[in-house]
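Observations on the three-dimensional arrangement
Below, each chain spelled out in residue letters.
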Amino acid sequence: MSIPIAWYLVLAAVLFGIGAFGLLTKRSALIMFMCIELMLNAVNLTFVTFSRSFSDIGGQVTVFFVMVVAAAEVTVGLGIVVAVFRKRASTSVDELTELKD
Amino acid sequence: MAHVAVLIPLLPLVGFLILITMGNQIKEPTSGWIATSVVGASFIATVIAFVLLLHRHSREATVNLFSWIRVGNFHVHVALLLDPLSITMCLFVTGISALIHLYSIGYMHGEKDFNKFFIYLNLFVFSMLVLVLANSLLFTFVGWEGVGVCSYWLVSYYFEKPAAASAGKKAFIYNRVGDLGLLFAMFLLFHHTGSLTYLTIFSHTSSLSPTTATLVVLSLLLAAAGKSAQIPLFNWLPDAMEGPTPVSALIHAATMVTAGVYLLCRMGPVLALSSSGRLTIAIIGAATALVAATIATSQRDIKKVLAFSTVSQIGYMILAVGCGAYSAAIFLMVAHAFFKALLFLGSGSVIHSLNGEQDLHLMGGLRKYLPLTFPTFLIGWLTISGIPPFAGFWAKGDVLVNAFEYNKALWVVGLLTAVLTAYYMSRLFVLTFRGTERFRGITHDHDPHESPWVMTAPLVILAVLSVLGGVLGLPWIHVSSIEGFINPVFGALPALSHASTTVQWSLGIVDVIAAVFGLLAAFTLWRRTEPWPLYESSFLYHVWHWDDFYDATIGRPLTAFADFSSDVIEPDVIDGAVMGTAVSVRKSSEGLRKLQDGLVRHYAVAMVLGIAVIVLFLVGRVW
Amino acid sequence: MIAVALTIPDVVVYVVAALMIVVGALGVISFRNPVHCALSLIMTLFGVAIAFIEQEAQFLAAVEIIVYAGAIVILFLFVIMFLGVDRRDEVRVDPLVGQRAFAGVGVVITIAGIIFLMARSHWITGVPHVATGVATKGNNSNVQELGRAVFTTYLFAFEATAALLVIAVVGAVVLARRERASTLESSDA
């Protein structure tokens, strides 16, 4: 209860950073998705922290919606992954270069 | 009176509109009669307005027509200013225009573009009247440009002839250079007095410093030099003789070329502020008069002699303006309009009788074939030479008296010019009407015939006016003289010591002696046929090589620059810049295209790096 | 820097949550086997749930476990198995030149900068929380409070996310359908 919000915010920032680094560095689409989830969780943590510090329930409401949207996003995203990678053997995103031209 | 005044410029405009809209249905000579009658009606309106003006207690009236420009503090109305000066101008403009319109019906008979001629001529009269009647510099400028463009159209009337087309261009371009002067003067005057209306400017002359006034005067002089063919912009007038003779008579003798003199007279109150400006004007006038007179002595074309004579006579008028003798200038202008128009129309009659020949060396002995042209031309010749009691003697004498009072050196120049004037006009007269008949090669076995009545009637009328015109300025009739009538317009005239009667009489006698001397010289030299080449100077024939000088100093360098522009600047610099922009855009986009490699991870890194930059920026601000 | 009234249990809970989160995150990006990554993700999610409870967002902690750890990660595992990518991820060196370097630099700068900015704006000395805290405002429980907000102030967003879910379901069905026509990759959506 009395943890300073600073600690949580730094934690969230670090989590976000790790997720971002993973997103940029991994080649597998599925791992990249998981890193996205890490980042989303970092954001959720931040919102909840600020919700506590401003005494505004709106922060938690936002987290609520973020989770809903994340669920929807994962659904559709994995659907795409399945659709695209069923034809190929690997899930490497480096091979998806059709938008180059 | 306002309604009558509006009719003066309106009637020729109506004529113009009728002819231009229904031109195809109207045949010659009806169109000519329509044009002539509107100008004639305009003359009658002018006379009525003149009489009405005489009887008003204030001889100045502004007739407001409508509001033209309203921008902030800048208001310009389209309005007419009726005062003695403008009415005098209108009188002789409409009068002589009507006569020349009548003359043209006969002269232009058989031309395929008969209607077009009268359309332009009516429009010209309208523009000239606007110029003279306007109450503001801006409205005058409208008329100024209008006469310039009509002059261009009429000079290049025979536009299929390359010489005529290029003469029209030359006239217009020289005029344009002069217009810069008028525009500059307008800018200065508006800047310092806040108005372009004459009366308002004249009431604010105290806000013009001497330098500004001099600048204004010099700019106006440039404008006058362009329009009235003075040094350094006179070369266009001789070339403008390519136009039909009535055009030469009307525009390049009686009306348009006097517009410059009118402008300077109108701006008299401003000229009064700058004595150096007036001196410059006087010098230019005197110099032009002399130079043009010398050139006229060696010309072979009858119309060119008259053209240079016009330049010379206008030089006299400009000289008078410089001396501050505005009414003398106007008097000479009116008299000159009469006798120069007479001479031109007479020469037109001669040319007409010889099937278009204009070379003096191919005329001669026409006295017995042209019973009406000959005596009228004789009167014109005597007038311009300054023989009393014809109008020219009084008018020119007036100018010379004032020049004598102002600056003796300029008077000497004026006197020399008078001698030359008598000389070259007599030469022209002798070569055309007396001596042996050298024209048989042109007319073969037909005799030259006199012109129809439409052409000779104006000649007679003008001859009468030349005889009687002197009455306007007789020195001992001050009450009804032109000087008394017009002078109040000019406000405070610069201090002019009036010559005593003795001086006037002595100068008058000197003038007569000079005229007779020139006359006799011409008669002696030109009676026989053989010694001709000796008495015509090639230098003078080629206009002091003035055209060649302009060509070398202005024409060729500009053409070279134009060639340079089109060969170098256009493709390399301008096109290069435009194409270069396109090319560099293409090259840079090709380079940037390589960023779009289709790899998601590269895009993601780019995004993160972008965020990093923003964060760094924010950190930097807070640091 | 340190707020008043820090109690030991609080700190311990915080440290535990933090460790679970960070270790789990590192695990996600380090493991070769995607299944191991997914399991690390679960650990992170649990840590986050603990943090939520600590912050008096109990409902959200529950939702986190149920939806995130319970559904989304399961979905991940399902797809991993379905596509058969549970093999090891081969290459040690990134085929894209400098990718790791740029990514690392960018991320470090961003996160460090953000933390710096937060520090500069004095959150550290700020009050950790206002007296009553969110959840017990007006003696309502967290769920009640949350419900009240969602169904009144944020009702429109709620309805919109409902629509979004429908769209997502439709999208997923369309995407995963086997094509009977000749075109392969692009769906006819």
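Residues numbered from 1 in each chain as written. Chains lettered and ligands numbered in written order. Predicted model: local features only at pLDDT ≥ 70, side-chain atom pairs only at ≥ 80, totals over all residues.

On a plain count of helices and strands, chain B comes out with 26 helices and 2 strands. Taking the contacts inside chain B whose residues are at least 6 apart along the sequence as the reference set, 81% of them involve residues at least 24 apart. (Helix = DSSP H or I, 4+ residues; strand = E, 2+ residues; numbered from the N terminus. Contact = placed C-beta atoms within 7 Å.)

Moving on, we get to the overall build of chain C. Along the backbone of chain C there are 6 helices and 0 strands. In chain C, buried positions account for 27% of the 189 residues. Here the contacts in chain C between residues at least 6 apart in sequence split such that 52% fall between residues at least 24 apart. (Buried ≥ 20, exposed ≤ 12 C-beta atoms within 10 Å, placed from the backbone.)

Our next topic: the interface of chain C and chain A. Listed per partner, the contact involves 78 residues of chain C and 66 residues of chain A. Sorting the residues of the side of chain C that touches chain A by element identifies α1 (8–30), α2 (34–54), α3 (58–83), α4 (99–120), α5 (142–151) and α6 (155–176) of chain C as the ones contributing at least two each. Per-element accounting of the side of chain C that touches chain A gives the leading share, 12 residues, to α3 of chain C. When its residues are assigned to classes, the side of chain C that touches chain A shows 58 nonpolar, 11 polar and 9 charged. (Nonpolar A, V, L, I, M, F, W, Y, C, P; charged D, E, K, R; others polar.)

This part covers the confidence of the model for chain B. Looking at chain B as a whole, the pLDDT averages 83, with 93% of positions reaching at least 70. Predicted confidence for residues 476–480 of chain B stays below pLDDT 50, and this span has 3 contacts to residues more than four positions away or in other chains. (pLDDT = per-residue confidence, 0-100.)

This paragraph deals with unusual backbone geometry. The step from I231 of chain B to P232 of chain B runs through a cis peptide bond, and the omega angle for that step is 0°. Counting through the fold element by element, P232 of chain B comes out in the loop between α8 (210–227) and α9 (236–239). Backbone geometry at A229 of chain B places phi at a positive 60°, although glycine is not the residue there. Mapping A229 of chain B onto the fold places it in the loop between α8 and α9. The phi dihedral of E56 of chain C is positive, around 60°, even though this residue is not glycine. By the secondary structure assignment, E56 of chain C is in the loop between α2 and α3.

Before going further, it helps to examine the confidence of the model for chain C. Residue and element names in this part refer to chain C. Here chain C averages 79 in pLDDT, and 74% of its residues register 70 or above. In the model of chain C, α4 stands out as the element of lowest mean pLDDT, 84, in contrast to α2, which has the highest, 93. Segment residues 128–133: pLDDT under 50, and 14 contacts once partners within four positions in sequence are set aside and those in other chains are kept. Note on residues 181–189: pLDDT under 50 across the span, and 8 contacts to partners over four residues away in sequence or across chains.

The next point concerns the nonpolar core. Counting residues in hydrophobic clusters, the biggest one holds 198 residues, and the most contacted among them are L220, V261, L319, A320, A329, L332 and A341 of chain B. Not counting residues up to four positions away in its chain, the partners in contact with L332 of chain B are Y316, M317, A320, A395, K396, D398 and V399 of chain B. (Core = buried A, V, L, I, M, F, W, Y, C linked by C-beta atoms within 7 Å.)

A few words on the environment of A17 of chain C. Residue and element names in this part refer to chain C. As for its position among the elements, A17 is in helix α1. As for A17 and F46, which are separated by 29 residues in sequence, their C-alpha atoms are 8.0 Å apart. Discounting chain neighbours no more than four positions away, the residues touching A17 are G47, I50, A51 and E54.

With 16 residues, helix α17 (residues 391–406) of chain B extends 23 Å between its outermost C-alpha atoms, agreeing within 8% with the 22 Å of an ideal straight helix rising 1.5 Å per residue. Within α17 of chain B, 15 of the 16 residues are buried, leaving the element largely enclosed by the surrounding structure. (Expected span 1.5 Å × (residues − 1).)

Residue and element names in this part refer to chain B. Taken across its 10 residues, helix α10 (residues 245–254) has 10 buried, putting it largely inside the fold. What α10 keeps buried is the set T245, P246, V247, S248, A249, L250, I251, H252, A253 and A254. The elements touched by buried residues of α10 are α3 (84–107), α4 (114–133), α5 (137–155), α9, α14 (302–323) and α15 (326–353).

Another aspect to go through is the pairing of strand β2 (residues 74–82) of chain B. Residue and element names in this part refer to chain B. Across 9 bridges, the pairing between strand β1 (residues 61–71) and β2 is antiparallel. Within the sheet, the bridge partner assigned to A61 lies in β2 and is L82. The antiparallel pairing of β1 with β2 creates a hairpin that spans 2 residues between the two strands, and G72 there sits at a positive phi of about 60°. (Pairing = 2+ DSSP bridges.)

With that settled, consider the packing of helix α3 (residues 58–85) of chain A against α3 of chain C. Between α3 of chain A and α3 of chain C, the least distance of the axes is 11 Å, while the angle of their chain directions is 5°. Here α3 of chain A is positioned roughly parallel relative to α3 of chain C, judged by the angle of their axes. Contacts between α3 of chain A and α3 of chain C involve Q60, V63, F64, M67, A71, V74, L78, V81, V82 and F85 of chain A on the former and, on the latter, L60, V63, V67, Y68, A71, I72, L75, V79, F82 and L83 of chain C. (Axes fitted to C-alpha atoms, helices over the stretch in contact; angles between N-to-C directions. Parallel < 35°, antiparallel > 145°, perpendicular 65-115°, else oblique.)

So, on to the environment of L237 of chain B. All names here are of chain B. Along the polypeptide, L237 turns up in helix α9. According to the C-beta neighbour criterion, L237 is buried, with 27 such atoms within 10 Å. Distance from L237 to G226, taken between C-alpha atoms, is 10.0 Å for residues 11 residues apart in sequence. Excluding residues that lie within four positions of it along the chain, L237 makes contacts with A229, H252, A307, T310 and V311.

What follows concerns the packing of α17 of chain B against helix α18 (residues 408–433) of chain B. A pair of packed helices can be characterised by two numbers: the angle between their axes and the separation between those axes. Residue and element names in this part refer to chain B. Direction vectors running N to C along α17 and α18 enclose 155°, while the axes themselves pass 6 Å from each other. Between α17 and α18, the angle falls in the class roughly antiparallel. Where α17 crosses over α18, the handedness of that crossing is left-handed. Contact residues: K396, V399, L400, A403, F404 and Y406 in α17; K408, L410, W411, G414, L415 and A418 in α18. Here the contact of α17 with α18 is composed, by residue class, of 9 nonpolar, 1 polar and 2 charged. (Left-handed = near helix turned anticlockwise from the far one by under 90°.)

All names here are of chain B. Within the secondary structure, F202 sits in helix α7 (residues 198–203). The class of F202 is partly exposed, set by 18 C-beta atoms lying within 10 Å. Taking the C-alpha atoms as reference points, F202 and M267, 65 residues apart in sequence, are found 8.2 Å from one another.

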